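# Residue-level structure breakdown
For reference, the chains in residue letters:
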Amino acid sequence: MAKRPVPRYDFKAFGEAIKTARKGRKESRKKVCDEMYISPRYLANIENKGQHPSLQIFFELMLRYNISVDQFLMEQPAGKNT
C-alpha cells in the first residue's frame, strides 16, 4: 500500500523566531544547547534550515522563548486580522 502524500510543514519561520528570540536575550547557541541537552548543530539546523524539531524540543523552545505556536500553525484569514 502506498503512503498517503502529505506536505511537510515548513519550520523555517519557527527557526527564525527562535534565533531572533535567542539573540534578543543575548544567549549563545552553546549556552542554550548545554541547558537543553541538545547539540549545537541540531539547534543551528532548526534555526537556519527549518529542520523539524522533535515534539519535545519544539515544546521546550516555545516555552523558553514564550513563542505562541498559533502564529505558525494557524492559517491567517484573508483580509484584516483583528
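Here the structure is shown first, and the text comes after it.
To start, this report covers the structure provided alongside it.

Cut-off values and rules
Residues numbered from 1 in each chain as written. Predicted model: local features only at pLDDT ≥ 70, side-chain atom pairs only at ≥ 80, totals over all residues. Heavy atoms only, no water. Helix = DSSP H or I, 4+ residues; strand = E, 2+ residues; numbered from the N terminus. Buried < 20%, exposed > 50% of the residue type's maximum accessible area, 1.4 Å probe, protein only. Contact = heavy atoms within 4.5 Å. Areas by Shrake-Rupley, 256 points an atom, 1.4 Å probe, with all protein chains shown as cover. Axes fitted to C-alpha atoms, helices over the stretch in contact; angles between N-to-C directions. Parallel < 35°, antiparallel > 145°, perpendicular 65-115°, else oblique. Left-handed = near helix turned anticlockwise from the far one by under 90°. Nonpolar A, V, L, I, M, F, W, Y, C, P; charged D, E, K, R; others polar. Expected span 1.5 Å × (residues − 1).

Helix and strand content of the protein: five helices and zero strands. Reading the secondary structure of the protein in the N-to-C direction produces α-α-α-α-α. In the protein, which comprises 82 residues, the proportion classed as buried is 32%. In the protein, the share of contacts with a sequence separation of at least 24, taken over all contacts with a separation of at least 6, comes to 62%. Accessible area for the protein stands at about 6300 Å²; split by element, carbon and sulfur atoms hold 55% of it.

With that out of the way, let us pick up the packing of helix α2 (residues 29-36) against helix α4 (residues 55-64). At a minimum axis distance of 12 Å, the contact between α2 and α4 shows a crossing angle of 120°. If you check the angle between α2 and α4, you find them oblique. Judged by the twist between their axes, the crossing of α2 over α4 is right-handed. Taken together, the residues of α4 that come into contact with α2 (itself represented by Lys-31, Val-32, Glu-35 and Met-36) are Ile-57, Glu-60, Leu-61 and Arg-64. Its residues placed into classes, the contact of α2 with α4 shows four nonpolar, no polar and four charged.

Turning our eyes to something else, we now look at helix α1 (residues 12-24). An ideal rise of 1.5 Å per residue puts 18 Å on 13 residues; α1 measures up with 18 Å between its terminal C-alpha atoms. Among the structural elements, α2, α3 (40-49), α4 and α5 (70-73) are those in contact with the buried residues of α1. Following α1 by one or two positions, Lys-26 has its phi on the positive side, about 60°.

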